[in-house]
Amino acid sequence: MKTKHETMNAPTMNPDGSCPKCLFAGGWHCEWHQAEAVRRCRERSAMAARVCRRATDEDIARTCARYELESDEFQTREEKAERILRSESARAGR
């Protein structure tokens with residue numbers, strides 16, 4: 001299902017690159033530019049979340065390798081690594 005922003009057409013810009021609808025809105029962005037700003041903000045947030053997840057996954061993998069962790073019947077190696085990382089960060093005062 002398409003969002004409202006995806007079904008809207010971008011406004012035709014003035015020759016100087018300004019948006020006539022934004023200018024008419026008294027200095028505020030028009031509906032299309034507001035939706036575009038929200039879309040870009042969501043994209044940046046999603047990208048930051050992916051980077052954070054990747055960094056966390058790399059920290060876990062590095063900890064598993066450093067301590068030669070292996071899964072057992074009680075915990076997976078990732079859970080053990082997370083516990084170690086939490087204790088290290090607590091000791092460091094983070």
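Scroll up to find the structure.
For clarity, every value in this text was computed on a predicted model and none was experimentally measured.

### Notes on unusual backbone geometry
Phi at E68 is positive, roughly 50°, even though this residue is not glycine. With respect to the element layout, E68 can be found in the loop between α3 (31-66) and α4 (77-92). For E68, a relative accessible area of 66% gives the class exposed.

### A closer look at the pattern of salt bridges
Side chains that carry opposite charge are capable of pairing whenever their charged atoms lie near each other. In this structure the tally under the stated criterion is six salt bridges. One salt bridge connects D59 with R62, and the closest N-O pair in it is separated by 3.0 Å. Here R62 and D59 lie together in helix α3, a separation of three residues that amounts to about one turn. When its relative accessible area of 32% is taken as the criterion, D59 is described as partly exposed. Exposure remark for R62: the relative accessible area of 48% places this residue in the partly exposed category. Linking K80 and D72 is a salt bridge whose minimum nitrogen-to-oxygen distance equals 3.1 Å. Judged by its relative accessible area of 37%, D72 falls in the partly exposed class. A single salt-bridge network, built from bridges that share partners, covers E36, R39, R40 and E43.

### Some words on the nonpolar core
Soluble, globular proteins show a tendency: their nonpolar side chains are buried together. I60, C64, L69, A81 and I84 form the largest nonpolar core, which has five residues in total. Breaking this core down by element, the ones donating at least two residues are α3 and α4. When residues no more than four places from it in sequence are discounted, the contact partners of C64 are L69, R77, E78 and A81.

### Let's talk about α3
Taking 1.5 Å of rise per residue, the 36 residues of α3 would be expected to cover 52 Å, and the 53 Å separating its terminal C-alpha atoms lies within 8% of that figure. Listed as buried for α3 are W32, H33, E36, I60, T63 and C64. Positioned one or two residues after α3, E68 has a phi angle of 50°, which is positive.

### Section: the packing of α3 against α4
Orientation of α3 relative to α4, taken along the N-to-C sense of each, is 100°, at an axis distance of 9 Å. Comparing the axis directions of α3 and α4 gives the class roughly perpendicular. Along the contact surface, α3 presents D59, I60, T63, C64 and R66, while α4 presents R77, E78, A81, E82, I84, L85 and E88. Of the residues assigned to the contact of α3 with α4, the class counts are five nonpolar, one polar and six charged.

Calculation rules
Residues numbered from 1 in each chain as written. Predicted model: local features only at pLDDT ≥ 70, side-chain atom pairs only at ≥ 80, totals over all residues. Heavy atoms only, no water. Helix = DSSP H or I, 4+ residues; strand = E, 2+ residues; numbered from the N terminus. Buried < 20%, exposed > 50% of the residue type's maximum accessible area, 1.4 Å probe, protein only. Salt bridge = Lys/Arg side-chain N within 4 Å of Asp/Glu carboxyl O. Core = buried A, V, L, I, M, F, W, Y, C linked by side-chain atoms within 4.5 Å. Contact = heavy atoms within 4.5 Å. Expected span 1.5 Å × (residues − 1). Axes fitted to C-alpha atoms, helices over the stretch in contact; angles between N-to-C directions. Parallel < 35°, antiparallel > 145°, perpendicular 65-115°, else oblique. Nonpolar A, V, L, I, M, F, W, Y, C, P; charged D, E, K, R; others polar.

Bear in mind that shape data such as this cannot, by itself, settle questions of function.
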